[in-house]
Structure formats: structure tokens, C-alpha cells
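The primary structure of each chain is shown beneath.
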Amino acid sequence: DVKVTQSSRYLVKRTGEKVFLECVQDMDHENMFWYRQDPGLGLRLIYFSYDVKMKEKGDIPEGYSVSREKKERFSLILESASTNQTSMYLCASSSLAGVFGAFFGQGTRLTVV
Amino acid sequence: AQSVTQPDIHITVSEGASLELRCNYSYGATPYLFWYVQSPGQGLQLLLKYFSGDTLVQGIKGFEAEFKRSQSSFNLRKPSVHWSDAAEYFCAVGARGSNYKLTFGKGTLLTVNP
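About the criteria used
- Residues numbered from 1 in each chain as written.
- Chains lettered and ligands numbered in written order.
- Predicted model: local features only at pLDDT ≥ 70, side-chain atom pairs only at ≥ 80, totals over all residues.
- Heavy atoms only, no water.
- Helix = DSSP H or I, 4+ residues; strand = E, 2+ residues; numbered from the N terminus.
- Buried < 20%, exposed > 50% of the residue type's maximum accessible area, 1.4 Å probe, protein only.
- Polar contact = N/O pair within 3.5 Å; in protein donor to acceptor, adjacent residues only side chain to side chain.
- Contact = heavy atoms within 4.5 Å.
- Phe/Tyr/Trp six-rings, centres within 6.5 Å; stacked < 30°, edge-to-face > 60°.
- Buried area = accessible area lost by both parts, 1.4 Å probe.
- Salt bridge = Lys/Arg side-chain N within 4 Å of Asp/Glu carboxyl O.
- Nonpolar A, V, L, I, M, F, W, Y, C, P; charged D, E, K, R; others polar.

A.B. asks: Which residues make up the side chain of glutamine 6 of chain A, and what are the values?
C.D. replies: All names here are of chain A. Structurally, the position occupied by glutamine 6 is in strand β1 (residues 4-6). Note on glutamine 6: relative accessible area 10%, which makes it buried. A polar contact is formed between the side chain of glutamine 6 and the backbone nitrogen of cysteine 91, at a distance of 3.0 Å. Not counting the four nearest positions on each side in its chain, glutamine 6 is found in contact with Glu22, Cys23, Trp34, Tyr89, Leu90, Cys91, Gly105, Gln106, Gly107 and Thr108.

Quick look at the structure:
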């Protein structure tokens, strides 16, 4: 089974802190994604990466950056956390062709106080 | 750009009743289409997918979906709902020309009454 592991289930951070969310997949997938999920808004794509060191902005990249130094690991960085970034963050991976769909981690619920 | 509409925010059905969740997509070519389910506090689990061939696709947990190109729809169905099906359901479209990134609908919350 594909496994996508997010480093934390719950995080509480202070406003202005630099926050790192880590995601690791074990299926040698080329594509990795970070989504943000908020009630009534569904999942919105923040960033995705289709290869090591390659990234593209999604629909809501402002306030976020990403890093992909190794194929299996994709990090989401909140440069200076703000309260409006309190949300559920979901990481996903897929093969390059994407025909099998994306596989998701369990999510990280981030609260910024 | 692709988009997905799930017209029903919340649906309530009785256990044993049939279920249909609606999904309409917008995309200029033949899309990849997916249904995911999310239980409270969990990540998303893939129920089924369509990318070519037979327009009626079978998935896990007894779900099926039918791709109708003329209606730009990919509705999810189950003939008899179980209490454990209560969850949020998301339809998604994958774009072949954009590294297959997925665009999701806003979800339909399913409540199952005993």
C-alpha cells in the first residue's frame, strides 16, 4: 500500500513563527502536493512538485513556500505564521501519469495563536 | 482551467436507502475523474476513478460512478447505504496538461439516519 506520512497530526504555533510541515511518501511517486482544507471551501492547492527541486504554485501560494530536496520528501513552509493560516493541511503524492489518483496523508491540523 | 461543482453541501439518507451524490466538472478535454471519501479527522481515501473506457466504474465499499460526457457529470451511487458510509465525499478532476494535479469540489457531507 502507498503510504504518505505527515510528521505531525496536530501543531500549535505562535503568530510570526516559521513553521515546517513535513511529508514523506514511500512509493517513488514523481508528483507531490500540498492542499489546505477549510470548512465549506473544500481542498485548495497550495503548491505541487513534479520532480526534485521543481515546484509550481497552486491556487493559494501566498504566505507559503515549499522544498523538495529528495524525491520522497516534500516540505511546506510558513515563513511567518498568521492566524488566517489556521487550517487542516493535507499532503498527497501521485505517479507522473496520475491515472491512479493521488494518495493522501492523514493531515496536519495547524492552529496559529 | 478545470473546475468541479458538487451542488449538494449536505445530504441525509436513511440506512438501507440508495444514494446518489452529484458532481459536475468543467474541463476542455477528457478528464481524469475521481471520488474520495474523508472520515472525520482523517485524510482522503480514493473510492474510484475514471480515465478511459467503460463509463461505469466500480470502486471500493460498494460504490460506483458513471461518467456522462454530454452532461459533464460523474455522479457517485450506492444502492444501499450503511451507517459507516457517513463521511464527507469529494469529487476531483485531474488535468492531463498540468502534471495531473487534482482540482477538488467543495465536498458533500453525508449523514446516515438509523
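From this point, the discussion proceeds with the structure in view.
A.B. asks: Any details on the environment of serine 65 of chain A? Residues and values, ideally.
C.D. replies: Residues and elements named next belong to chain A. Of note, serine 65 is situated in strand β7 (residues 64-70). The class of serine 65 is buried, set by a relative accessible area of 15%. Through-space distance from the C-alpha of serine 65 to that of serine 75 is 8.4 Å; in sequence the pair is ten residues apart. Those residues in contact with serine 65, other than ones at most four positions away along the chain, are Tyr47, Ser75, Leu76, Ile77 and Glu79. Of note is the side chain of serine 65, whose polar atom sits 2.8 Å from the side chain of glutamate 79.

A.B. asks: An account of unusual backbone geometry is requested, with residue identities and associated values reported.
C.D. replies: Residue and element names in this part refer to chain A. One non-glycine residue, aspartate 28, lies in positive phi territory at about 60 degrees. Along the chain, aspartate 28 turns up in the loop between β3 (19-25) and β4 (31-38). Positive phi values are uncommon outside glycine, yet lysine 53 reaches one of about 65 degrees. As for its position among the elements, lysine 53 is in the loop between β5 (42-51) and β6 (54-57).

A.B. asks: Requested: an account of the packing of aromatic side chains, with residues and values cited.
C.D. replies: Where two aromatic rings form a pair, the distance of their centres and the angle of their planes describe that pair. Inspection of every chain in the model, using the stated rule, returns 15 aromatic pairs over all chains. The interplanar angle of 50 degrees and the centroid separation of 6.5 Å between the aromatic rings of phenylalanine 48 of chain A and tyrosine 50 of chain A together place this pair among those described as tilted. Residue classification places phenylalanine 48 of chain A among the buried residues on the basis of a relative accessible area of 0%. Geometrically, the ring pair formed by tyrosine 32 of chain B and phenylalanine 51 of chain B is edge-to-face, given 6.0 Å between the ring centres and 65 degrees between the ring planes. Of the two residues, tyrosine 32 of chain B is situated in strand β5 (residues 32-38) and phenylalanine 51 of chain B in the loop between β6 (44-50) and β7 (56-58); the sequence distance between them amounts to 19 residues. You can call tyrosine 32 of chain B buried: its relative accessible area is 7%. With a relative accessible area of 29%, phenylalanine 51 of chain B lands in the partly exposed category.

A.B. asks: So what about the side chain of aspartate 85 of chain B? Which residues, and what values?
C.D. replies: Residues and elements named next belong to chain B. Structurally, the position occupied by aspartate 85 is in the loop between β9 (73-78) and β10 (87-94). With relative accessibility at 5%, the residue aspartate 85 sits in the buried group. Apart from residues lying up to four places away in sequence, aspartate 85 is in contact with Phe63, Lys78, Leu110 and Val112.

A.B. asks: For the interface of chain A and chain B, give the residues involved together with the corresponding values.
C.D. replies: Opposite the 24 residues of chain A that make contact, chain B presents 21 residues. Buried area between chain A and chain B, summed over both chains or domains, comes out near 1,800 Å², and the portion from carbon and sulfur atoms is 55%. Here chain A and chain B share zero salt bridges between them. At the junction of chain A and chain B, the tally comes to four residue pairs in polar contact (both at pLDDT 80 or more). Considered class by class, the residues forming the side of chain A that touches chain B number 14 nonpolar, eight polar and two charged.

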